[in-house]
Amino acid sequence: MSTLTEAASTSTDEVLTVRNLQKSFGRVQALREASLTLPRGKVTALIGDNGAGKSTLVRCLVGVQPPDAGEVRLNGEPVRFTNPEQGRSAGIETVFQELALVEDLSVAQNLFLGREITRGFGPLKFLDRRKMRKEAHDMVSQLAINVPQVTSRVRRLSGGQRQAVALARAAGWSSSVVILDEPTAALGVQETQRVEQLIRSLREKGMTILLISHNFEQVLRLSDQVVVMRAGRTVARRDTSDTNGQELVALVTGAQQDSDDNEEPDPALLPEPEER
Ligand SMILES: Nc1ncnc2c1ncn2[C@@H]1O[C@H](COP(=O)(O)OP(=O)(O)OP(=O)(O)O)[C@@H](O)[C@H]1O
Ligand SMILES: [Mg+2]
């Protein structure tokens, strides 16, 4: 009996599980074998060098690109999204590396993109702009986001303000999982602090977060666990409290092989033999 209970509690504690995801583009094996688990209510950081496969993992996970092989489970149930809207309606919001805001629309319009509120009956539907403005204002002020007005065009916002709008959109739809692909890569110090504060507040609301970042100090500040990718594989996992910047650098570059890893070490990932 106790094993059954344990199994049940494990599956509910793991919101999202990715097993052996693979994806090639022609001869480029972007994902060779990527596996990770997002524990409920925690921040999981995904780190790895440029080209390691982090964004590809996200795109395969949420249905932007179909994986060649592998399995994704949401709350224990196998899922296969074929477009990001399916992921969104299942409660997974993604802020992509290339933000995907519409420059010529207002903040409010961007927040409601694809989810416009309408009023009227049957075939006679009108956009309820007033309601959307009001709700957009609430979404933005709840997160203490610093944007001039919800009617401002995104084109006129700074990088940090855009990032904040994208985050507000992700956070505002009572989603259970939020995936953030390098949310502070292009930001200054203050904007970075503000976005980090937003991420903390999402965590406090109980959201499960996957954070991709090259900033190891940020990873150590914000995450509960760290997953390391190298050359298309997830090669190590650490509790954030048990690691440090030096070890993360070593894991990312391959100077340190992971001793906890269950997988057979891949000869292709071992350091080159030294010249004699
Ligand atoms: N659409 C595509 N067509 C061809 N190759 C691709 C495509 N998308 C990604 N790749 C390749 O797959 C590999 C992984 O790319 P990916 O964008 O996932 O890396 P990343 O870890 O997100 O890197 P970064 O930290 O620079 O964002 C790279 O070699 C990249 O060139
Ligand atoms: Mg990327």
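Up top you'll find the structure we're talking about.
In this text, all values refer to a predicted model and were calculated from it rather than measured experimentally. (Residues numbered from 1 in each chain as written. Chains lettered and ligands numbered in written order. Predicted model: local features only at pLDDT ≥ 70, side-chain atom pairs only at ≥ 80, totals over all residues. Heavy atoms only, no water.)

Undergrad: Help me understand the overall build of the chain in this model?
TA: Along the backbone of the chain there are nine helices and 12 strands. Burial analysis of the chain (276 residues in total) assigns 46% to the buried set. Across the chain, every contact between residues at least 6 apart in sequence was considered, and the portion connecting residues at least 24 apart equals 64%. With the model as given, the accessible surface of the chain reaches about 14800 Å², and the carbon-plus-sulfur share is 48%. (Helix = DSSP H or I, 4+ residues; strand = E, 2+ residues; numbered from the N terminus. Buried < 20%, exposed > 50% of the residue type's maximum accessible area, 1.4 Å probe, protein only. Contact = heavy atoms within 4.5 Å. Areas by Shrake-Rupley, 256 points an atom, 1.4 Å probe, with all protein chains shown as cover.)

Undergrad: Mind showing me how you'd approach the site of ligand 1 here?
TA: Taken together, 16 residues form the shell around ligand 1, and within it Asn50, Gly51, Lys54, Thr56 and His214 come nearest. At 2.8 Å from an oxygen atom of ligand 1 is found a side-chain nitrogen or oxygen belonging to His214. About the coverage of ligand 1: the protein hides 65% of its 640 Å² of free accessible area. Among the secondary structure elements, those contributing two or more residues to the shell around ligand 1 are β2 (28-39) and α2 (54-62). (Near = heavy atom within 4 Å. Polar contact = N/O pair within 3.5 Å; in protein donor to acceptor, adjacent residues only side chain to side chain.)

Undergrad: Just checking my understanding: could you explain the pattern of salt bridges for this structure?
TA: When the charged atoms of two side chains lie near each other, side chains of opposite charge can form a pair. Scanning all chains against the criterion turns up seven salt bridges. Two residues, Arg73 and Glu71, come together in a salt bridge whose shortest N-O distance is 3.3 Å. Judged by relative accessible area, which is 31%, Glu71 ranks as partly exposed. With a shortest N-O distance of 2.8 Å, Arg203 and Asp224 are connected by a salt bridge. Here Arg203, found in helix α7 (residues 189-204), pairs with Asp224, found in the loop between α8 (216-222) and β11 (225-230); they are 21 residues apart in sequence, far enough to count as distant. Classification of Asp224 as partly exposed rests on a relative accessible area of 25%. (Salt bridge = Lys/Arg side-chain N within 4 Å of Asp/Glu carboxyl O.)

Undergrad: So what exactly am I meant to see when it comes to unusual backbone geometry here?
TA: Note: most peptide bonds trans; most residues except glycine with negative phi. The phi dihedral of Asn20 is positive, around 50°, even though this residue is not glycine. Turning to its location among the elements, Asn20 is positioned in strand β1 (residues 14-25).

Undergrad: Help me out: how do you make sense of the side chain of Thr94 in this one?
TA: With respect to the helices, strands and loops of the structure, Thr94 is situated in strand β6 (residues 92-95). Residues contacting Thr94, with those up to four places away along its chain left out, are Val58, Val62 and Ile179.

Undergrad: Explain the nonpolar core here, please?
TA: Within soluble globular proteins, side chains that are nonpolar generally end up buried alongside one another. Within the largest apolar cluster, 33 residues are counted, with the highest numbers of intra-cluster contacts made by Val107, Leu111, Val165, Leu180, Ile199, Ile209 and Leu211. Contributing elements (two or more residues each) for this core: α4 (107-111), α5 (129-142), α6 (159-171), β9 (177-181), α7 and β10 (208-212). Among the elements that take part in this core, α6 stands out by supplying seven residues, more than any other. If we skip the residues at most four places from it in the chain, Val165 touches Leu101, Val107, Asn110, Leu111, Val147 and Leu157. Leu38, Leu46, Val58 and Leu74 belong to the second largest nonpolar core, which has 26 residues in total. (Core = buried A, V, L, I, M, F, W, Y, C linked by side-chain atoms within 4.5 Å.)

Undergrad: What is the right way to look at α6 in this model?
TA: An α-helical segment advances 3.6 residues per turn. Residues three or four places apart therefore align on the same side. The end-to-end C-alpha distance of α6 is 18 Å, a good match for the 18 Å that 13 residues give at a rise of 1.5 Å each. The buried count for α6 comes to 12 of 13 residues, which makes it a mostly enclosed element. When α6 is considered as a whole, its buried residues turn out to be Gly160, Gln161, Arg162, Gln163, Ala164, Val165, Ala166, Leu167, Ala168, Arg169, Ala170 and Ala171. (Expected span 1.5 Å × (residues − 1).)

Undergrad: Can you help me understand the packing of α6 against α7 in this one?
TA: When two helices pack together, their arrangement is given by the angle between the helix axes and the distance between those axes. Relative to each other, α6 and α7 sit at 10°, their axes nearing to 9 Å. Between α6 and α7, the crossing angle belongs to the class labelled roughly parallel. Within the contact between the two elements, α6 uses Gly159, Gly160, Gln161, Gln163, Ala164, Leu167 and Ala171 and α7 uses Glu191, Val195, Leu198, Ile199 and Leu202. Counted by class, the contact of α6 with α7 contains seven nonpolar, four polar and one charged residues. (Axes fitted to C-alpha atoms, helices over the stretch in contact; angles between N-to-C directions. Parallel < 35°, antiparallel > 145°, perpendicular 65-115°, else oblique. Nonpolar A, V, L, I, M, F, W, Y, C, P; charged D, E, K, R; others polar.)

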